Amino acid sequence: MRRVTLPALLATLLLAPPTAAWGPQGHRVAGAMTADRLDPGAAAAVRAILGDESLADASTWADRMRSDPAPFWQRAAGAYHYVNIPSRAARYDPRRAPARGDAFTALAQFRQELEDPATPAPRRALALRFALHIIQDLHQPLHAGGRDDRGGNDFAVIVDGRRSNLHRLWDSGLLASGRNSDARLQARLEARYAEDLDGPWREPDPEAWIAESLALSREIYPASSTIDRAYLERFRPVAERRIAQAAARGAAWLNELYAAGAGAAAGDAVVPPARAGWWQRLKDFLEEIL
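All of these numbers come straight from a predicted model, not from anything done at the bench.

**Side note on the sheet that holds strand β1 (residues 156-159)**
Sheet strands line up and pair through hydrogen bonds in the backbone, either parallel or antiparallel.
Then, number 1: If you walk across this open sheet you meet the three strands as β2-β1-β3, and the pairing is mixed. The sheet terminates laterally at β2 (162-165) and β3 (226-227), the two strands that pair on one side only.
Then, number 2: As judged from the two bridges shared by β1 and β3, these two strands associate in the parallel manner. Its bridge partner being in β3, V159 is matched across the sheet by I227.

Here is the structure:
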């Protein structure tokens, strides 16, 4: 048997295709900001489903579960993190969604399940956690890109002398370059976008979020494969703004969903999140510290 050394393992992880829009920090901050903007009815419904689990933790769950061997996670769920838009298309067309589904169709399906009082408690918890994650994913421009490079995964870049790709840079590299803790990043976004968060950004329509991401995706490709400080300084605020917008839209979507009383049926048991496999936990840990 070939022995795998720790350096080789780390190299594999660092060069592997990214699996999480925004990385754990971006999702956590967006989830925490969403929770602060829920109407009382939505907050009560979320608490009935998730119990004491925070929306910050719930936001990362769909990525943490990607190493789970269950057929749902290995065969179906991967396509729920993005939408594909032809390179020459002016917008996303839901009528052209693939038969296996995508982020748009999955979000619609999860909404139906959350509205249906007959949905079993475990499935209701999955639907809520995954729906929140999808809302955030759709605000990462390369999860709704219009080029034939797997959302920037095949666009190689060099960042601080290390090989990477544009998708990974937007998932976590831009935010990480700011060197902010979750609390510090959240405080900065709350202060910078106070009026927008509780006003014009409260847009619950996924097609509007996708249109924004598509437009941005056509502005963010660098002229050179070497990412310089000017690129980071220019686009880090853009990435941070998308995190804040995702938070506002998550709250708008949940508030609209629960305005009519949809949610967990009385007596539903709170379902704790399943734990991700050790491989995914190791990847998350490395993404946090590197």
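From this point, the discussion proceeds with the structure in view.
**Considering helix α11 (residues 206-217)**
Since there are 3.6 residues in each turn of an α-helix, residues three or four apart along the chain are aligned in direction.
Then, number 1: Here α11 is 12 residues long and its end C-alpha atoms lie 16 Å apart, about the 16 Å a rise of 1.5 Å per residue gives.
Then, number 2: Every buried residue belonging to α11 is among P206, W209, I210, S213, L214, L216 and S217, and all of these are buried. Viewed along the axis of α11, the buried residues span an arc of 165 degrees, placing them on a single side of the element.

**Quick word on the packing of aromatic side chains**
Then, number 1: Applying the stated rule across the entire model yields 13 aromatic pairs.
Then, number 2: Look at W73 and F130: their rings are 5.7 Å apart centre to centre, the planes differ by 15 degrees, and that puts the pair in the stacked class. Of this pair, W73 sits in helix α5 (residues 71-76) while F130 sits in helix α7 (residues 121-137), and the two are 57 residues apart along the sequence.
Then, number 3: When its relative accessible area of 10% is taken as the criterion, W73 is described as buried.
Then, number 4: When its relative accessible area of 0% is taken as the criterion, F130 is described as buried.
Then, number 5: Among the aromatic residues, ring-to-ring pairing joins W61, F72, W73, Y80, F110 and F130 into one connected group.
Then, number 6: The aromatic ring of W253 is capped on one face by R111, whose charged end is 5.4 Å from the ring centroid.
Then, number 7: The ring of W61 has R129 sitting right over it, with the charged end atom 5.2 Å from the ring centre.

**Some words on the confidence of the model for the protein**
Then, number 1: Residues at a pLDDT of 70 or more form 83% of the protein, whose mean pLDDT is 87.
Then, number 2: Taken as a whole, residues 285-290 scores under 50 in pLDDT and shows nine contacts with residues more than four places along the chain or in a different chain.

**Quick look at the environment of E190**
Then, number 1: With respect to the element layout, E190 can be found in helix α9 (residues 182-192).
Then, number 2: It is 8.1 Å that separates the C-alpha atoms of E190 and M33, two residues lying 157 residues apart in sequence.
Then, number 3: Leaving out residues up to four positions away in the same chain, E190 has contacts with M33, D36, R37 and L197.
Then, number 4: Of note is the side chain of E190, whose polar atom sits 2.4 Å from the side chain of R37.

**With respect to the pairing of β1**
Then, number 1: In β1, alternate side chains face the same way, and those of V157 and V159 are buried while those of A156 and I158 on the opposite face are not.
Then, number 2: Where β1 lies against β2, four bridges are found, and the strand directions are antiparallel. Paired with A156 across the bridge in β2 is N165.
Then, number 3: Where β1 hands over to β2, the hairpin turn is made up of two residues, of which D160 adopts a positive phi near 55 degrees.

**Quick look at helix α12 (residues 229-259)**
Then, number 1: With 31 residues, α12 extends 45 Å from end C-alpha to end C-alpha; this agrees with the ideal 45 Å at 1.5 Å per step.
Then, number 2: The element α12 is extensively covered by neighbouring structure, given that 23 of its 31 residues are classed as buried.

**Regarding the pattern of salt bridges**
Then, number 1: Inspection of every chain in the model, using the stated rule, returns 16 salt bridges.
Then, number 2: A salt bridge links R28 to D182; the nearest nitrogen and oxygen atoms lie 2.6 Å apart. Linking R28 in helix α2 (residues 23-35) with D182 in helix α9, this pair joins segments that are 154 residues apart in sequence.
Then, number 3: In this structure, the salt-bridge partner of R95 is D93, at a minimum N-O distance of 3.1 Å.
Then, number 4: A relative accessible area of 69% places R95 in the exposed class.

Cut-offs and rules
Residues numbered from 1 in each chain as written. Predicted model: local features only at pLDDT ≥ 70, side-chain atom pairs only at ≥ 80, totals over all residues. Heavy atoms only, no water. Pairing = 2+ DSSP bridges. Helix = DSSP H or I, 4+ residues; strand = E, 2+ residues; numbered from the N terminus. Expected span 1.5 Å × (residues − 1). Buried < 20%, exposed > 50% of the residue type's maximum accessible area, 1.4 Å probe, protein only. Arc of directions from axis to C-beta. Phe/Tyr/Trp six-rings, centres within 6.5 Å; stacked < 30°, edge-to-face > 60°. Lys NZ or Arg CZ within 6 Å of the ring centre and 35° of its normal. pLDDT = per-residue confidence, 0-100. Contact = heavy atoms within 4.5 Å. Polar contact = N/O pair within 3.5 Å; in protein donor to acceptor, adjacent residues only side chain to side chain. Salt bridge = Lys/Arg side-chain N within 4 Å of Asp/Glu carboxyl O.

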